[in-house]
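# Overview (structure and organization)
What follows is each chain in one-letter form.
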Amino acid sequence: FKLNPDPGRQRVLWVGDLDAKQSNAFLDKCGVLQRGDPDLARLRDRLLGEVGANPLDLFDAATDAKTAAAEAVAAFSPLSDPTGAERVKAAKAAERGVFEQSIEKKQREARTAVNNLLTRSKKSKDDFRRLFRALLKNPAGVAQDEVDFDAIEASETFKPKFFRAITYNSEADVFQFYSKVHEHAARVWFENEAKASAKGAAGAAASD
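The structure contained in this document is the topic of the report that follows. The shown structure was predicted, so the numbers you read here are calculated from the model rather than taken from an experiment.

### Considerations on the environment of asparagine 116
- Within the element layout of this structure, asparagine 116 appears in helix H4 (residues 85-119).
- Judged by its relative accessible area of 9%, asparagine 116 is buried.
- Once the C-alpha coordinates of asparagine 116 and alanine 165 are considered, the two residues, 49 residues apart in sequence, prove to be 9.7 Å apart.
- Reaching out from asparagine 116, the side chain makes a polar contact with the backbone oxygen of threonine 112 at a distance of 2.7 Å.

The following block contains the structure:
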């Protein structure tokens, strides 16, 4: 079933990341990464600070974590763990493992996407560099007239979903990082480039 286009009655609904209050409330409701456990609390802060709070991603990770924790608990018999302490320990370890793997996967994909956009396309990599620098200064969004978006959207590296590190927010009419993890990856990319340039300059000066 598919609706025919009807601009007079239809509009695109933009679903962005949850804010800090919403994302914490969601994780609390799911019963994962509880603040009462220092290790899980630190992992929650890392997840929200470095990866972001995409609703679907949070839901999938929370669901997988709860499933893994339940399976870890089911592996114990009451006789082997009469106090339940080992079951709690195993459940937390399973939950932690799921979220750590999810964070690492998202970061790896984001690094690949950012690197490809900034290095692979000979024609548009300078446009992407200008866009990324502008977004790092203003993560809330960059208007279309501030960067040559026609060249960016025509780029072959922009089309594959795997390489998409930026997205267009139709509600705000701006381009933004696809998620917090892409913003973090871009920031690290430029920091590493600056360090490499400084190191190269120091080496050249030492050889003179």
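### Observations regarding the pattern of salt bridges
- In the structure shown here, the tally under the stated rule is 11 salt bridges.
- A salt bridge links lysine 92 to aspartate 37; the shortest N-O distance between them is 3.0 Å. Of this pair, lysine 92 sits in helix H4 while aspartate 37 is found in the loop between helix H1 (20-30) and helix H2 (38-51), placing the two residues 55 residues apart along the sequence.
- Note on aspartate 37: relative accessible area 14%, which makes it buried.
- The shortest N-O distance in the salt bridge between lysine 105 and glutamate 109 comes to 2.8 Å. With lysine 105 and glutamate 109 both in helix H4, this residue pair falls 4 residues apart, about one helical turn.
- Counted as one network, the salt bridges with shared partners bring together Arg129, Arg133 and Glu193.

### Notes on the nonpolar core
- Formed by 39 residues in total, the largest nonpolar core has its most connected members in Leu47, Phe99, Val114 and Phe132.
- Only H1, H2, helix H3 (55-74), H4, helix H5 (125-137) and helix H7 (180-207) provide two or more residues apiece to this core.
- Considering every element that reaches this core, the biggest residue donor is H4, with 9 residues.
- Ignoring anything within four residues of it in the chain, the contact list for leucine 47 reads Leu33, Gly52, Leu58, Phe99 and Ile103.

### Re H1
- What H1 keeps buried is the set Ser23, Asn24, Leu27 and Cys30. Across the axial projection of H1, the buried residues extend over an arc of 125 degrees, all falling on one side. In H1, the exposed positions angled more than 90 degrees off the buried face are occupied by Lys21 and Lys29.
- Residues of H1 that are buried sit in contact with H2 and H3.
- Between the side-chain oxygen at the start of H1 and the backbone nitrogen of lysine 21 there is a gap of 3.2 Å, and the oxygen is on aspartate 19.
- Looking one or two residues past H1, glycine 31 carries a phi angle of roughly 75 degrees, positive in sign.

### Focus on the packing of aromatic side chains
- Under the definition given, this model contains 3 aromatic pairs.
- Note on phenylalanine 132 and phenylalanine 177: the rings are 5.7 Å apart at their centroids and 90 degrees apart in plane angle, and the pair reads as edge-to-face. Taken together, the residues phenylalanine 132 in helix H5 and phenylalanine 177 in strand E2 (residues 174-177) connect sequence positions 45 residues apart. Side by side, phenylalanine 132 and phenylalanine 177 carry an identical accessibility label, which is buried.
- Aromatic side chains tyrosine 168 and phenylalanine 175 sit 5.1 Å apart centroid to centroid with 50 degrees between the ring planes, which places their arrangement in the tilted category.

### Quick notes on the environment of phenylalanine 190
- For phenylalanine 190, the location among the structural elements is in helix H7.
- For phenylalanine 190, a relative accessible area of 8% puts it in the buried group.
- Between the C-alpha atom of phenylalanine 190 and that of leucine 136, which follows or precedes it by 54 residues, the distance is 10.0 Å.
- Other than its neighbours up to four places away in sequence, phenylalanine 190 contacts Leu118, Arg129, Phe132, Arg133 and Leu136.

Cut-offs applied
Residues numbered from 1 in each chain as written. Predicted model: local features only at pLDDT ≥ 70, side-chain atom pairs only at ≥ 80, totals over all residues. Heavy atoms only, no water. Helix = DSSP H or I, 4+ residues; strand = E, 2+ residues; numbered from the N terminus. Buried < 20%, exposed > 50% of the residue type's maximum accessible area, 1.4 Å probe, protein only. Polar contact = N/O pair within 3.5 Å; in protein donor to acceptor, adjacent residues only side chain to side chain. Salt bridge = Lys/Arg side-chain N within 4 Å of Asp/Glu carboxyl O. Core = buried A, V, L, I, M, F, W, Y, C linked by side-chain atoms within 4.5 Å. Contact = heavy atoms within 4.5 Å. Arc of directions from axis to C-beta. Phe/Tyr/Trp six-rings, centres within 6.5 Å; stacked < 30°, edge-to-face > 60°.

Note that all results are geometric; they support no functional claim without further evidence.
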